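A structural walkthrough
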Amino acid sequence: MKHFTSTKDIADLAALVASAREMKANPFAYEHLGKNKTMVLLFFNPSLRTRLSTEKAANTLGMKVISMNADSGWVIEFEEGAVMNAGSAEHIKEAAPVISQYGDIIGVRTFPTLKDRERDYQEQVIEAFKRYATVPVVSLESATRHPLQSLADVITIEEFKQKERPKVVLSWAPHVRALPQAVPNSFVEWMNIANVDLVVTHPEGYELADAYMGGAKLEYNQEKAFEGADFIYGKNWSSYREYGQILNQDPNWRITQHKLDHWTNQAKFMHCLPVRRNVVVDDAVLDGPNSIVIAQANNRTWAAMAVLREILVELNG
Ligand code: CP
């Protein structure tokens, strides 16, 4: 694995999940792989889980970690041919190769603008790091994808499923702020290559981009979508079509215990976190027996370890 930014970078999902589960059972078995290696984590946006789980994963594999909030450095320019006479002080053409001299792997977190769809969906920041860095680049969430989250989601479903091919529903839920499409885009991409029956449900206007939906089934009626579900993945996202807009805040889309009890197959509740209680999902769900969000967050570490292990094996030759 050279870089890790989407499903396109992995060869075998089942093998990656098996690797994560093996390391979860025996965390320090591959500590030798990261000896004398350093991972640089660069955050253009806030994080709790991704930052801590990736640091833990790198440390457990024997690496050293340098973590930096990008806003504590110089403002980086990403435009080709920019006349840098305004805010930005250094170009990615220098920044990425310089960082590559300090780290053997670079992790980057960058959110979308939610204003310029073309720029966001071209993945200007992560693609520039891939282009100009001389070491592997790992997405810690980019403008349109969150692959380490999605891999953790696949691992979690594998751990909790009661049948070979469970029904998984990705449900839009209301929110007070406009959020990226990265988590739902990525979740659908990964579910489309996992052994699950996926249904996506959301109000009209919240359709995800075709390139990410692939052949996933869409059902606008939440109650119909939830029928027989084994897993409900709650998530808000802003509109792709009317880019970055909030088109609906209907509280009837909130995930409730009543819906889990009466509409599903006693579904487990998943969310990437952070989550706004009693806006996206009720306290009763998060505090009740159906919620697996804490176990899901735990799997962020093992997902990151599986990815870093593959990269380290290649780096070590
Ligand atoms: N789920 C997730 O990526 O959490 P953070 O934003 O806290 O990293």
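The following refers to the structure shown. All chains use their own residue numbering, which begins from 1 and follows the written sequence. pLDDT decides what is reported in this predicted model: residues at 70 or higher carry local features, side-chain atom pairs at 80 or more are listed and counted, and totals for whole chains, interfaces and linings draw on all residues regardless. Remark: hydrogens and water are excluded; side-chain values derive from all non-hydrogen atoms of the structure.

Okay, the overall build of the chain next. In this description a helix means any DSSP run of H or I spanning at least four residues, a strand means any run of E spanning at least two, and both kinds are numbered starting from the N terminus. From N to C terminus, the chain includes 12 helices and 11 strands. Here the globule rule is a power law, 2.2 Å times the number of residues to the power 0.38, and the radius of gyration is based on C-alpha atoms. Taken against the 2.2 N^0.38 rule, which gives 20 Å for 317 residues, the C-alpha radius of gyration of the chain at 20 Å falls within 12% of a compact globule. Its C-alpha atoms put the chain at 55 × 50 × 30 Å along the principal axes. Buried, partly exposed and exposed residues are distinguished by accessible area as a fraction of the type maximum, computed with a 1.4 Å probe on protein chains only: under 20%, between the cut-offs, and over 50%, respectively. Counting only residues that meet the buried cut, the chain has 57% of its 317 residues in that class. Considering only contacts within the chain whose residues lie at least 6 apart along the sequence, 78% involve residues at least 24 apart. For the chain, the exposed area adds up to about 13,800 Å²; of that, 49% sits on carbon and sulfur atoms. Here Asp and Glu are counted as negative and Lys and Arg as positive; His is not counted, and neither are the chain ends. Working definition for charges: the position is that of NZ of Lys, CZ of Arg, CG of Asp or CD of Glu. Averaged over its 34 positive side-chain charges, the chain has a centre that lies 3 Å from the centre of its 39 negative ones. Here, residues are in contact when the closest pair of their heavy atoms is within 4.5 Å. In these tables, accessible area is a Shrake-Rupley quantity obtained with a 1.4 Å probe, and a residue counts as shielded only by the protein chains included in the view.

Looking now at the site of the ligand. With respect to spatial proximity, the complete set of residues near the ligand consists of Ser47, Leu48, Arg49, Thr50, Arg109, His146, Gln149, Cys272, Leu273 and Arg300. We call two N or O atoms a polar contact when they sit within 3.5 Å, provided that within protein one can donate a hydrogen and the other can accept it, with sequence-adjacent residues counted only if both atoms are side-chain atoms. Contacts to the ligand include Thr50, whose side-chain N or O atom sits 2.7 Å from an oxygen atom. Gln149 is positioned such that a nitrogen or oxygen atom in its side chain is 3.0 Å from a nitrogen atom of the ligand. Surface burial for the ligand is 93%, taken as the share of its 260 Å² of free accessible area covered by protein chains. By the convention adopted, Pro, Cys, Tyr, Trp, Phe, Met, Ile, Leu, Val and Ala count as nonpolar, Lys, Arg, Asp and Glu as charged, and the other residues, Gly among them, as polar. Considered class by class, the residues forming the shell around the ligand number 3 nonpolar, 4 polar and 3 charged. Where each domain starts and ends follows an automatic or database-derived domain assignment. Counting the residues that make up the shell around the ligand, at least three belong to each of domain 1 (7-145 + 300-315) and domain 2 (149-297). For this purpose, a residue is taken to be near a molecule or strand whenever a single non-hydrogen atom of the residue falls within 4 Å of it.

Within the secondary structure layout, Gln296 lies in helix 12 (residues 293-315). Apart from residues lying up to four places away in sequence, Gln296 is in contact with Gln149, Ala152, Asp153, Thr156, Tyr233, Met270, His271 and Cys272.

The next subject is the sheet that holds strand 1 (residues 38-43). Ordered in space as 2-1-5-6, the 4 strands form an open sheet in which the pairing is parallel. Both edges of this open sheet fall to strand 2 (64-69) and strand 6 (137-139), since each of them pairs with a single strand only. The sheet shows a mean angle of 20 degrees between the axes of neighbouring strands, taken without regard to direction. For two strands to be treated as a pair, DSSP must find no fewer than two bridges joining them. Pairing of strand 5 (residues 105-109) with strand 6, which is carried by 3 bridges, proceeds in the parallel orientation. Across the sheet, the residue bridging to Ile106 is Val137, located in strand 6. To get an axis, fit a line to the C-alpha atoms, keeping to the stretch in contact for a helix; angles then go from 0 to 180 degrees between the N-to-C directions. Packed onto the sheet, helix 3 (residues 92-102) meets strand 1, strand 2 and strand 5 and runs at close to 140 degrees relative to strand 1.

This part covers helix 7 (residues 182-191). Of all the 10 residues making up helix 7, 10 are buried; the element is thus mostly covered by neighbouring parts of the structure. Taken residue by residue, helix 7 has Ala182, Val183, Pro184, Asn185, Ser186, Phe187, Val188, Glu189, Trp190 and Met191 as its buried positions.

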